[in-house]
Number of protein chains: 2
Amino acid sequence: MITIPIEVSARHIHLSRPDFELLFGIGYHLALFKNISQTGQYAAMEKVILENGDKKIENIRIVGPERRETQIELSLTEARQLGLTIPLAVSGDIAQAAKLTIIGPQGQISKNCAIIAQRHIHASLKDAEKYHLHDGQIVSVECGTQRAVIFRQVVVRVRADFVWNLHLDTDEANAAGLQGGETGILII
Amino acid sequence: MITIPIEVSARHIHLSRPDFELLFGIGYHLALFKNISQTGQYAAMEKVILENGDKKIENIRIVGPERRETQIELSLTEARQLGLTIPLAVSGDIAQAAKLTIIGPQGQISKNCAIIAQRHIHASLKDAEKYHLHDGQIVSVECGTQRAVIFRQVVVRVRADFVWNLHLDTDEANAAGLQGGETGILII
């Protein structure tokens, strides 16, 4: 039996350096709030506001370090709150991303960068070898007890520095009665 | 293969006659907004506000007709919005229900009546016979495509006047990318 720790990814934003400077000012740097499980990744102290017309969501946490491209990850519940149709996509793929306005203390930008992240597994090269998994593979994971769910369409992402865990969004976690910190069972 | 229509139950409230009159005034009657799938059940025009301390959710639709006991059905996402721990329970079982304040145009009441409804199947006596199901049976249902999920811990509810369908809450529907109107596959 292959088990995997479950983590819940609440809504967050990754920013490129140019977008970050437009929102926070030139020369500004992110402050560490806390480290998260993936190596070198951290939740920053800084937050932004997302806006679509007259609808907005405040307190969107920035996840650092800066990335090549700005990307916002929301749940379907939050997409509805914003009155937006947001595509499901593998994190990093913003080809079809929905347009949103991002508001920071020093400026705002509108761009096509919002996705609902497809649930995924982070696997290191060693994990992939050990469990006979490959990058892009689609697997299922059984999670939960009182609200047990088998999540299908879980994409495996393999990278040298990844840390073995399953990332669900808040809708998925709530539907399965999960808070994060539980363990799922891989079904290949 | 046994298929079942999927319905999404958004947050709502069922009211007893005494509670209804406390909220809306003596002699007041619900107005029909639209009929819903279960025989004789309807969404009413009337709405209430739910409050827990300084947190509230507005526009909670009343589902009629009146019931013997007042019951509020929320999602885990909404429980979090209200800062409440709300138990998962089979609809009708409010023994462990969480306390909330219900506010209507003519009054307000505080009582232990909020649950997260366990996902369930409505089956008539004929459906139960046809598919060899019994009241209280726990089954699984496979739903969705791009975000396919197998929901385990689905309770079967059998009553003469029930109409064959699967009821999911909004968290469950969003996690599986469902809007309602799709079809699930029963796994017994």
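Starting from 1, residues in each chain are numbered consecutively following that chain's sequence as written. Just so you know, chain letters begin at A and ligand numbers begin at 1, following the order they were written in. Totals for whole chains, interfaces and linings use every residue, but because this is a predicted model, local features are given only for residues with pLDDT of at least 70 and side-chain atom pairs only at 80 or more, for both listing and counting. With hydrogens and water excluded, all non-hydrogen atoms of the structure serve as input to the side-chain values.

### Some points on the overall build of chain A
Looking only at helices and strands, chain A has 4 helices and 14 strands in total. C-alpha atoms define the radius of gyration, and 2.2 Å times the number of residues to the power 0.38 defines the globule rule. Relative to the compact-globule value of 16 Å for 188 residues, chain A shows a C-alpha radius of gyration of 17 Å, a close match. Seen through its principal axes, chain A has C-alpha atoms that stretch 50 × 35 × 30 Å. Expressed as a percentage of its 188 residues, the buried residues of chain A come to 52%. When contacts within chain A are restricted to residue pairs at least 6 apart in sequence, long-range pairs at least 24 apart make up 66% of them. Counting every atom, chain A has about 8800 Å² of accessible surface; 50% of that belongs to carbon and sulfur. A helix here means a DSSP run of H or I that spans at least four residues, while a strand means a run of E at least two residues long, and both kinds are numbered starting from the N terminus. In this scheme, a residue with accessible area under 20% of its type's maximum is buried, one over 50% is exposed, and one in between is partly exposed, where area comes from a 1.4 Å probe on protein chains only. Note on contacts: a residue pair qualifies if any of its non-hydrogen atoms lie within 4.5 Å across the two residues. Throughout, the Shrake-Rupley method with a 1.4 Å probe supplies accessible areas, and for residues the shown protein chains are the sole cover considered.

### Here's the deal with the confidence of the model for chain A
The pLDDT value tells you how sure the predictor is about a given residue, anywhere from 0 up to 100. Across chain A, the average pLDDT comes to 96, with 100% of residues at 70 or higher. Complex prediction metrics read pTM 0.94 and ipTM 0.92.

### Focus: the relation of the copies chain B and chain A
For the least-squares superposition of copies, only C-alpha atoms count, and only for residues with pLDDT at least 70 in both. For the match of chain B to chain A, the screw axis carries a shift of 0.0 Å, the RMSD comes to 0.0 Å, and the turn is 180°. In the structure described here, the two chain copies are related by an operation that fits a two-fold rotation axis. With an isologous cut-off of 70% or more, the 100% of interface residues of chain B that recur at the interface of chain A puts this contact in the isologous class.

### Side note on the environment of Gly 83 of chain B
All names here are of chain B. By secondary structure assignment, the location of Gly 83 is in the loop between α2 (76-81) and β7 (88-89). With 29 residues separating them along the chain, Gly 83 and Asn 112 place their C-alpha atoms 15 Å apart. Non-local contacts of Gly 83, meaning those with residues more than four positions away in its chain, are made with Asn 52 and Lys 55.

### Description of the environment of Glu 78 of chain A
Residue and element names in this part refer to chain A. With respect to the helices, strands and loops of the structure, Glu 78 is situated in helix α2 (residues 76-81). Given a relative accessible area of 9%, Glu 78 falls into the buried group. Once the C-alpha coordinates of Glu 78 and Thr 170 are considered, the two residues, 92 residues apart in sequence, prove to be 9.8 Å apart. Residues contacting Glu 78, with those up to four places away along its chain left out, are Arg 11, Ile 57 and Thr 170. Of the polar contacts made by the side chain of Glu 78, one reaches the backbone nitrogen of Ser 75; its length is 2.9 Å. Here a polar contact means two N or O atoms within 3.5 Å. Within protein one must be a hydrogen donor candidate and the other an acceptor candidate, and residues neighboring in sequence count only if both atoms are side-chain atoms.

### Thoughts on the side chain of Asn 165 of chain A
All names here are of chain A. With respect to the helices, strands and loops of the structure, Asn 165 is situated in strand β13 (residues 165-169). Take Asn 165: its relative accessible area is 2%, and that puts it in the buried class. Side-chain polar atoms of Asn 165 contact the side chain of Gln 38, separated by 3.3 Å. Among the polar contacts made by the side chain of Asn 165, one reaches the side chain of His 167 at a distance of 3.4 Å. Filtering out sequence-adjacent residues up to four positions away, Asn 165 remains in contact with Ile 4, Pro 5, Glu 7, Ser 37, Gln 38, His 120, Ile 121 and His 122.

### Quick word on unusual backbone geometry
Residues and elements named next belong to chain A. That bond from Gly 64 to Pro 65 is cis: its omega, 5°, falls within 30 degrees of zero. Counting through the fold element by element, Pro 65 comes out in the loop between β5 (55-64) and β6 (71-73). Positive phi, normally seen in glycine, also occurs at His 132, with a value near 55°. On the secondary structure map, His 132 appears in the loop between α3 (125-131) and β11 (138-143).

### Some remarks on the state of the cysteines
Disulfide: a pair of cysteine sulfur atoms within 2.5 Å of each other. In the structure shown here, the tally under the stated rule is 0 disulfides over all chains. Unpaired in this structure, Cys 143 of chain A has its nearest cysteine sulfur neighbour in Cys 143 of chain B, at a distance of 16 Å. Cys 143 of chain A sits in the buried class, given a relative accessible area of 1%.

### What to know about the interface of chain B and chain A
With 25 residues of chain B in contact, the opposing surface of chain A contributes 25 residues. Throughout, the accessible surface (probe 1.4 Å) given up by two parts as they are put together, summed over both, is called the buried area. With both chains or domains summed, chain B and chain A bury close to 2100 Å², and 46% of this area falls on carbon and sulfur atoms. A per-residue breakdown of the area chain B buries against chain A is headed by Leu 88, Arg 147 and Asn 174 of chain B, which together make up 27% of the total. Between Asp 169 of chain A and Arg 147 of chain B there is a salt bridge whose closest N-O contact spans 3.1 Å. Basic side-chain nitrogens of Lys or Arg form a salt bridge, by our definition, when they fall within 4 Å of a carboxyl oxygen of Asp or Glu.

### A few points about the nonpolar core
Among the nonpolar cores identified, the biggest contains 46 residues, and Ile 121, Trp 164 and Leu 166 of chain A together with Ile 121, Trp 164 and Leu 166 of chain B are the most heavily contacted of them. The contact partners of Leu 166 of chain B, leaving out residues within four places of it in the chain, are Ile 4, Pro 5, Ile 6, Glu 7, His 120, Ile 121, Val 141, Cys 143 and Val 154 of chain B. We call a set of buried residues a nonpolar core when its members are Ala, Val, Leu, Ile, Met, Phe, Trp, Tyr or Cys and they connect through side-chain atoms within 4.5 Å of each other.

### As for the pairing of strand β1 (residues 3-9) of chain B
All names here are of chain B. With 3 bridges connecting them, β1 and strand β14 (residues 183-187) associate as antiparallel partners. When the sheet's bridge partners are listed, Ile 4 is paired in β14 with Gly 184. Paired strands, as defined in this entry, are two strands with at least two bridges between them according to DSSP. Two strands pair when backbone bridges link them, and β1 and strand β13 (residues 165-169) are joined in this way by 4 bridges, in the parallel orientation. Bridge assignment links Ile 6 to a residue of β13, and that residue is Leu 166.

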